[in-house]
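Structural description and commentary
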Amino acid sequence: MAASIEQEPDEFPLYFPAIKDGIIRSEWGMGNQLYVYQTYNPTSRNHGSKSRQIGGGSDSLFDVRWTAEVLDVARKLVNETHNIFVMLQGQVKSLSGSMLYTQLKKASKQYRAVLKACSMELMQITDSCTNSGQRQKYEEHIQEFEMVQLIWSLCEIIFIDVAPGGLILTPLLDWLRWHFPEAKHMAMKVSQAEQPSAHPDYWDAIFRLTLQGSTENVRKLLALHNYNHSDPFISVDELLKKMPHWTYQHAQSAAEYEMKWRHWREECVRRYEAGEFAAYDQLETLVQILCGDETVFKELKNKCETWYHLLVSKLLYQNPTVRLSDLAFEIKPCQAAFSMPGLQPSELDNILQAAMEFDIHQVIKDSCNFLSNCSWWFVSHLADVLHHCEQLDSQKLPFGSNLREYLLLEYATGLMSHRSLWQVGVDYLDFCPVFGREYLEAYIGHIPLESERKAHKVLHLCLERDMAAQAQSVCKVMGRKYLQQEKLGAALSWFLKSKDTAVIKQVTDKFLTEYCEQGKFSHLDLIDHLGPSMLMTNNLTFLGKYREFHTLYDSGDLLAATTLLISLISSRLAPKTFWMTLLTDALPLLNLPQGLLSVQQISEMMHCLEELQRDFTSNSKSLSESEADKLKLIRVALTRNLTPAIIRTGSIKVTF
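Residues numbered from 1 in each chain as written. Predicted model: local features only at pLDDT ≥ 70, side-chain atom pairs only at ≥ 80, totals over all residues. Heavy atoms only, no water.

1. Concerning the layout of surface pockets
Over the atoms, a rolling probe the size of a water molecule traces out where space has been left empty. Put simply, the second largest pocket is a space of about 520 Å³. Taken together, 20 residues make up the lining of the second largest pocket; nearest its centre are Lys576, Thr577, Phe578, Met580 and Glu627. When residues of the lining of the second largest pocket are traced back to their parent elements, those giving at least two are α23 (501–518), α27 (579–590), α28 (599–618) and α29 (625–649). It is α23 that provides the largest number of residues to the lining of the second largest pocket, a total of five residues. Residues of the lining of the second largest pocket, tallied by class, amount to eight nonpolar, six polar and six charged. (1 Å grid on protein atoms, 1.4 Å probe; cavity = no way out; pocket = protein on both sides within 12 Å on 5 of 7 lines; lining within 4 Å. Points joined across faces, edges and corners; volume = space filled by probe spheres on them. Helix = DSSP H or I, 4+ residues; strand = E, 2+ residues; numbered from the N terminus. Nonpolar A, V, L, I, M, F, W, Y, C, P; charged D, E, K, R; others polar.)

Here you go:
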């Protein structure tokens, strides 16, 4: 996504000292990159001057980057959830109906499990950290991870793993206990005390557990009281034991459960009004909770910590058969209980409220603005699951894609700009049907190819996706890189993959020049195994065949070597700068006693010799002494071999 901003240059004197007049503009680069440059105000230019220099030099373009630190825990989150994402996309293609729905619920829980594991690992790191500044940074990450878990698990209850019949209280209670474990920890601490009932947090733990519906744990704590055998305690224990709990069993309908629950609450009210608990104020408060008394919830709101904790607690004892569609109507009274003059709801409160009001788009929007470290990770993966659950509007956005793809593109953009996580980003772009390939093609050209291994990875992903132009570009970049370093073998290898014939010819000429200067080839393994690649250019064909000539000569197959050498000379494949070398290579063959050359072969070599001599004369080039001696030796050797060759072949007419 491209963006442009304008700022007056006076606002950035420290960062961009070369920019003095005009307006600073910027364009987004790739990921965490910004290009900053200057445009001039017409009034600030000198009349009559065609251009203006900045800071005494030429116009400047600033490449501004900022580092995004990726904790090892965050890297684990990215990598492990990437595997879940890719697997889910395959299941979406192959499954449908209830089987797909089951996998979507499973994927959502797997995402949350990875989040929890990362959060716990970060807690361990924080506990062992001695640096206060670093510790604070870790604690901020932990807090954000916890908030993401809170939001995701609520969205899972409302949009993904919807309870049968829309009865939402049971999953909300599980959500409450999972994210507010203070009551459980407090109860554990109290129960381990020497005299639990004398512990200052004894009744606090009981009230907190009751507000979360943990009646069995409440009964265990009450049993530790010194007067647990008295009538009031026995009566409370009976009420807690009788409290009906909703189950998803088909045998129990919502109407049947509601009838049982009403009978149970009437019994609680009757016993309370009969004064059975008047001797113990705390027991009276406890039974008031069971009766769903509005007054007691106001008194105990601080033990609920947040308005949504109070919401679930009130629903448990006032309206346990609340439907998902009615949840939004229960929010305002609970928020009012926690409201304070001049205090605005937090961003987290707004997100959770939007989820309970079925406004998933607002959840995503606020999460992008509120969360800092893992916002794009969160919204992209959540939106993907919701999209496949058909809970996300698939309507196209103004730029031609839906919300799911837009969020995945933004998340992948951040990954592609990272030096080691870019491969993960590629897989996310693969599952963006509208713009994914276009983005990937653009990003490949910006991936820095620091090593051979990374270049091969990029090339492999291009070939896998039939991106011929991008694959060729990668090969050219690596080829030029090695060519600048004078590593001819590596350069030729990459250029062969790019099939760039012009540059292949250039590198081949360097190989031949190297041979002329040093008398030997480097990278023989590459030249010996060119195979069909040698047919790409005439120069490369000559290089391969010339190397084959040396192999035949070294192995003692002089006849085949001679035939191949003459073929190379007559084909004129070699550049003329190399003809002298070819004729020089023929000298040992001309001096052999058995006379391997035919009249026609000697004739070809004489034609080559004469043409080479004419080129020197026409170009007014002066031969060096060694070159003149070589030409003389070659001419003498050819003349000496001509007579026996004519005798061997019979009387023929030879023209030169």
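2. Concerning the packing of helix α20 (residues 452–464) against helix α21 (residues 468–484)
Interhelical geometry of α20 versus α21 gives an angle of 160° and a closest axis separation of 8 Å. Between α20 and α21, the interaxial angle falls into the category roughly antiparallel. For α20 against α21, the interelement crossing comes out left-handed. Facing α20, whose interface residues are Glu452, Ala455, Val458, Leu459, Cys462 and Leu463, α21 presents Gln470, Ala471, Val474, Cys475, Met478 and Tyr482. Of the residues assigned to the contact of α20 with α21, the class counts are 10 nonpolar, one polar and one charged. (Axes fitted to C-alpha atoms, helices over the stretch in contact; angles between N-to-C directions. Parallel < 35°, antiparallel > 145°, perpendicular 65-115°, else oblique. Left-handed = near helix turned anticlockwise from the far one by under 90°. Contact = heavy atoms within 4.5 Å.)

3. Notes on the pattern of salt bridges
Tallying each qualifying case throughout the model produces 31 salt bridges. Across the pair lysine 314 and glutamate 294 runs a salt bridge whose closest N-O atoms are separated by 2.8 Å. With lysine 314 in helix α12 (residues 307–318) and glutamate 294 in helix α11 (residues 294–299), this pair connects stretches of sequence that are 20 residues apart. Aspartate 509 is the partner of lysine 505 in a salt bridge, and the nearest nitrogen-oxygen pair spans 3.4 Å. One end of the pair, lysine 505, and the other, aspartate 509, are both in helix α23, four residues apart, so they sit about a helical turn from each other. (Salt bridge = Lys/Arg side-chain N within 4 Å of Asp/Glu carboxyl O.)

4. Re the environment of leucine 461
Mapped onto the secondary structure, leucine 461 falls in helix α20. A relative accessible area of 7% means that leucine 461 is categorised as buried. When the C-alpha positions of leucine 461 and aspartate 427 are compared, they lie 10.0 Å apart, and in sequence the two are 34 residues distant. Not counting residues within four places of it along the chain, the set of residues in contact with leucine 461 comprises Trp422, Val426, Leu440 and Ile444. (Buried < 20%, exposed > 50% of the residue type's maximum accessible area, 1.4 Å probe, protein only.)

5. Side note on α27
Helical periodicity: at 3.6 residues per turn, an α-helix aligns residues three or four positions apart in one direction. An ideal rise of 1.5 Å per residue puts 16 Å on 12 residues; α27 measures up with 16 Å between its terminal C-alpha atoms. Along α27, 10 of the 12 residues are buried, which leaves the element largely enclosed by surrounding structure. Inspection of α27 places Trp579, Met580, Thr581, Leu582, Leu583, Asp585, Ala586, Leu587, Leu589 and Leu590 among the buried residues, and these make up the whole buried set. (Expected span 1.5 Å × (residues − 1).)

6. Focus: the confidence of the model for the protein
Close reading of the predicted structure is inappropriate where its pLDDT is low. Considering every residue of the protein, the mean pLDDT works out to 85; 87% of them sit at 70 or more. Low pLDDT (under 50) marks residues 44–58, which in the prediction has 17 contacts with non-local residues, meaning those over four places away or in another chain. Segment residues 66–70 is flagged for pLDDT under 50; beyond a separation of four residues in sequence, or across chains, it makes 12 contacts in the model. (pLDDT = per-residue confidence, 0-100.)

7. Quick notes on empty space enclosed by the protein
Applying the stated rule across the entire model yields two cavities of 30 Å³ or more. Its volume calculated, the largest cavity comes out at about 40 Å³. Considering the residues around the largest cavity, the lining is formed by Leu167, Ile168, Leu169, Thr170, Trp246, Tyr257, Pro320 and Thr321. Approximately 30 Å³ is the volume found for the second largest cavity. Forming the walls of the second largest cavity are Phe180, Glu182, Ala183, Arg208, Gln212, Lys303, Glu305 and His309. Looking at the lining of the second largest cavity residue by residue, the classes come out as two nonpolar, two polar and four charged.

8. Quick look at helix α10 (residues 281–291)
With eight of its 11 residues buried, α10 lies for the most part within the structure. Among all positions of α10, only Leu283, Thr285, Leu286, Val287, Gln288, Ile289, Leu290 and Cys291 are buried. On its buried face, α10 is in contact with α6 (202–211), α7 (215–222), α8 (231–242), α9 (254–273), α11 and α12. Glycine 292 occupies a position one or two residues after α10 and carries a positive phi of about 75°.

9. Description of the nonpolar core
Among the nonpolar cores identified, the biggest contains 193 residues, and Trp175, Leu222, Met356 and Trp377 are the most heavily contacted of them. For this core, the element with the highest residue contribution is helix α3 (residues 132–160), accounting for 14 residues. Excluding its chain neighbours within four sequence positions, the residues that come into contact with methionine 356 are Leu154, Ile158, Trp175, Trp307, Tyr308, Leu311, Leu327, Ala328 and Ile331. (Core = buried A, V, L, I, M, F, W, Y, C linked by side-chain atoms within 4.5 Å.)

10. Section: the packing of α27 against α28
For the pair α27 and α28, the least separation of the axes is 11 Å and the interaxial angle reads 140°. Taken as axis vectors, α27 and α28 run oblique relative to one another. In this structure, α27 meets α28 at a crossing whose hand is left-handed. Note on element contacts: α28 touches α27 through Met605, Cys608, Leu609, Glu611 and Leu612, opposite Trp579, Met580, Leu583, Ala586 and Leu590. Residue composition of the contact of α27 with α28, grouped by class: nine nonpolar, no polar and one charged.

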